[in-house]
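In case you want the letters, here they are:
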Amino acid sequence: MVTMQPAYDGLPATDLVGQPLDWAWLRGARSEWGVRPKPGPRGLTMMDIAVGSYGDVAEHPAHRSMAPRGADVDPGTPDMGYILNAKSDVWADNVRELYEEAVARQWSATRDIPWGELPDLGDDLEHAICQLCTTLSEVEMIAADLPAKWMWRMNHDFLEAKMFLCTQIMDEARHTEVFRKRALANGGGLLKSRAGDESLLRTILQAKTYVQASALMHLLGEGFILDIFRQGELIAPSEVEKRMFRMAMQDEARHVAYGTLHLRYAIEHDADTAEEIHEALDHGEEVLVAFGTNQDLSTAIAVLLAGGVEHVEDKGFPMQAEMTRKLLASYLARCERAGLSRLSRTKLDLDLLGIDRDTGVIRS
Ligand SMILES: [Fe+2]
Ligand SMILES: [Fe+2]
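Residues numbered from 1 in each chain as written. Chains lettered and ligands numbered in written order. Predicted model: local features only at pLDDT ≥ 70, side-chain atom pairs only at ≥ 80, totals over all residues. Heavy atoms only, no water.

**Student:** Is there a simple way to explain the overall build of the protein in this structure?
**Tutor:** Of regular secondary structure, the protein possesses 14 helices and two strands. Expressed along its principal axes, the backbone C-alpha trace of the protein runs to roughly 95 × 50 × 40 Å. Across the 364 residues of the protein, 49% fall into the buried class. A separation of at least 24 residues holds for 70% of the contacts in the protein among residues at least 6 apart in sequence. Split by element, the accessible area of the protein, about 17,800 Å² in all, is 55% carbon and sulfur. One finds the centroid of the 38 positive side-chain charges in the protein at a distance of 2 Å from the centroid of its 57 negative side-chain charges. (Helix = DSSP H or I, 4+ residues; strand = E, 2+ residues; numbered from the N terminus. Buried < 20%, exposed > 50% of the residue type's maximum accessible area, 1.4 Å probe, protein only. Contact = heavy atoms within 4.5 Å. Areas by Shrake-Rupley, 256 points an atom, 1.4 Å probe, with all protein chains shown as cover. Lys, Arg positive; Asp, Glu negative; His and termini not counted. Charge placed at Lys NZ, Arg CZ, Asp CG, Glu CD.)

And the structure:
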């Protein structure tokens, strides 16, 4: 029988078969012992536990491992192959709050939409909402695939950003689900998918850097979709779709809020990033316009805005043109918030759109 040798203040030096024991976790770890975050009214949030050194996120982390930030990391820990190792590559100052909000506001496309209350809309309106939902269901999943493509390359010290992107991926699964369900739920089904839609998705997915991908996806693509959801009260043919757009809008607003502040953070920390983003948006705006002017999408929206085909020319098309103006003005304002003025650079025809090139405001 092996005799235990006392060590570390009376702890055994070996195990039962004589292997030496290392009690560093119990006696020598560099933890912030005694730091005790207090739960608030909402519970114990990620903001609550960002205390002491645990709340510090290094601009350039020392390790490239999955070790939890703030743990005592073994010097021999393997490199996980991360390529996004600067905080400015992925961080946004609102990311902890956005993660908590995302977790608190998850909803169910199965339970939370009153599917049983869908009215009979008539063939034209049913076709129009089905076409819109076909396109939306097609584009939603890009905002899951894209973060998934980059997340395993992000340094794990930026875990709150990765956690937030996990919520975005879940949100997009639900958006794909809810629009697919709506297309199928009232007898219309899935309608047209066109090559132009896929070109936009391909441009986003194949962006060369994460910051370019984030600009194309969060700022441009999701911003555009968010603004469509914001028009949901006008577009939706019934209370059921209004609820669907309202619920999706909350999620989309978080994704756009992350992207906007992420890009601002990236530009503030590296001025060269602005040009990198501009280059991506120069091309991105072209494919977005091609996507937005896709006749399936634009005429379906016009029919929905007009309440049917009868008034599509005198009411639907003018409302749809006004909506496009608002969407693009909103995008330009979002760029300004991100610290990236597109007004003097964009190839969008601002005069034709009636948007003032100096202020980005729609002319009355
Ligand atoms: Fe979405
Ligand atoms: Fe999104």
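**Student:** Is there a simple way to think about the coordination of the iron ion (ligand 1) in this case?
**Tutor:** In the first shell of the iron ion (ligand 1), the protein supplies Glu 140 (OE), Glu 172 (OE), His 175 (ND1) and Glu 252 (OE), at 1.9 to 2.2 Å from the metal. Here the iron ion (ligand 1) is ringed by four donor atoms whose angles at the metal span 87 to 142°, and the overall shape comes out irregular. Mapping the donors of the iron ion (ligand 1) onto the primary sequence gives the spacing E-x31-E-x2-H-x76-E. A separation of 3.2 Å is found between the iron ion (ligand 1) and the iron ion (ligand 2), both of which receive a donor from Glu 172. (Donors = N, O, S within 2.8 Å, 3.2 Å for Na, K, Ca; no water. Tetrahedral: all angles 85-135°; square planar, octahedral: opposite > 155°, others 65-115°.)

**Student:** What exactly am I supposed to notice about the environment of His 218 here?
**Tutor:** For His 218, the position within the fold is in helix H8 (residues 210-230). The buried category is assigned to His 218, whose relative accessible area is 0%. Contact partners of His 218, with chain neighbours within four places excluded, come to Leu 165, Gln 168, Tyr 210, Ala 213, Gly 223, His 255, Val 256, Tyr 258 and Gly 259. Within the local environment of His 218, its side chain forms a polar contact with the side chain of Gln 168, the two groups lying 3.2 Å apart. (Polar contact = N/O pair within 3.5 Å; in protein donor to acceptor, adjacent residues only side chain to side chain.)

**Student:** What should I look at first to understand the nonpolar core in this one?
**Tutor:** It is characteristic of soluble globular proteins that their nonpolar side chains tend to be buried jointly. One finds Leu 132, Phe 179, Phe 245, Tyr 258 and Leu 281 to be the most contacted residues of the largest nonpolar core, which totals 92 residues. Per-element accounting of this core gives the leading share, 12 residues, to H8. Other than its neighbours up to four places away in sequence, Leu 132 contacts Ile 235, Phe 245, Leu 297, Ala 300, Ile 301 and Leu 304. (Core = buried A, V, L, I, M, F, W, Y, C linked by side-chain atoms within 4.5 Å.)

**Student:** Explanation requested: the packing of helix H5 (residues 142-151) against helix H7 (residues 195-205) in the structure shown.
**Tutor:** Packed helices, taken two at a time, are described by their axes: the angle between them and the distance between them. At their nearest, the axes of H5 and H7 sit 10 Å apart, and the two run at 20° to each other. Taken together, H5 and H7 sit at an angle that is classed as roughly parallel. Relative to H7, H5 is oriented so that their crossing is right-handed. Packed against H5, whose contacting residues are Ile 142, Asp 145, Leu 146 and Lys 149, the element H7 presents Leu 201, Ile 204 and Leu 205 at the interface. (Axes fitted to C-alpha atoms, helices over the stretch in contact; angles between N-to-C directions. Parallel < 35°, antiparallel > 145°, perpendicular 65-115°, else oblique. Left-handed = near helix turned anticlockwise from the far one by under 90°.)

**Student:** Would you mind showing me how to read the environment of Trp 91 here?
**Tutor:** Positionally, Trp 91 belongs in the loop between helix H2 (87-90) and helix H3 (95-104). C-alpha of Trp 91 to C-alpha of Leu 261: the two residues are 170 residues apart in sequence and 8.3 Å apart in space. Each residue touching Trp 91, except ones within four places of it in the same chain, is listed here: Val 57, Arg 96, Phe 158, Glu 160, Ala 161, Leu 261, His 262 and Tyr 265.

**Student:** How should I be thinking about the confidence of the model for the protein in this particular structure?
**Tutor:** Close inspection of predicted coordinates is inappropriate in any region flagged by low pLDDT. Confidence in the prediction for the protein averages 93 pLDDT; 98% of positions are at 70 or higher. Within the model, pLDDT remains below 50 along residues 1-6, and this stretch shows 17 contacts once partners closer than five positions in the same chain are excluded. (pLDDT = per-residue confidence, 0-100.)

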